[in-house]
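So you can see what is in the structure, the chains are spelled out below.
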Amino acid sequence: YPVPNLKQWFKNGDKPVWKIRSITAAEIGRADEAVANEGLTTQILEAVTSMNSPEVSEKIKELVGKSGDKPKTIAKRIYHLMYGSVDPKCDLELAVKLCDTFPVVFYELTNEILSLSGQGFAPGKSKPSGATTESS
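Conventions used here
- Residues numbered from 1 in each chain as written.
- Predicted model: local features only at pLDDT ≥ 70, side-chain atom pairs only at ≥ 80, totals over all residues.
- Heavy atoms only, no water.
- Phe/Tyr/Trp six-rings, centres within 6.5 Å; stacked < 30°, edge-to-face > 60°.
- Helix = DSSP H or I, 4+ residues; strand = E, 2+ residues; numbered from the N terminus.
- Buried < 20%, exposed > 50% of the residue type's maximum accessible area, 1.4 Å probe, protein only.
- Lys NZ or Arg CZ within 6 Å of the ring centre and 35° of its normal.

Summed over all chains, the structure comprises 2 aromatic pairs. Here the aromatic rings of Trp9 and Phe102 are separated by 5.8 Å at their centres, their planes lie at 85°, and the arrangement is edge-to-face. Of this pair, Trp9 sits in the segment before strand S1 (19-20) while Phe102 sits in the loop between helix H4 (92-101) and helix H5 (103-118), placing them 93 residues apart in sequence. Accessibility expressed as a relative area gives 26% for Trp9, which makes it partly exposed. Considering the side-chain rings of Phe106 and Tyr107, the 6.0 Å spacing of their centres and the 85° angle between planes classify their relative orientation as edge-to-face. The exposure class of Phe106 is buried, given its relative accessible area of 0%. Between the NZ or CZ atom of Arg30 and the centre of the ring of Tyr83, over which it lies, the distance is 5.6 Å. Above the ring of Trp9, the side-chain terminus of Lys97 is found at 5.2 Å from the ring centroid.

Pasting the structure below:
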């Protein structure tokens, strides 16, 4: 997927193209579960950090990626981007950076990942990592 606005993120001479793939139902489910469990994680984090100064508490939250809660729809898209990115490989840090610095590109990529996912997989074509095949 061409991402000309991210030219500075790519090595000199490399075309600014983010290679993506469709994601599986299991990956969509894992993204949903991760977002659902974030509320519990936040409560535990609040309890642990409440005994520290506000500065220390905020730094701990920053380190575990819980500083400034994101809306659930954004959090889910972050996971979709992580699962659907082929090149560059996208971890949580990169996904959040893209989301925060180039929100329109972030939305375009995640929309395209979901669109590809909705098209399904053709028999005999390569399947995304994590997909299983059944033999008859």
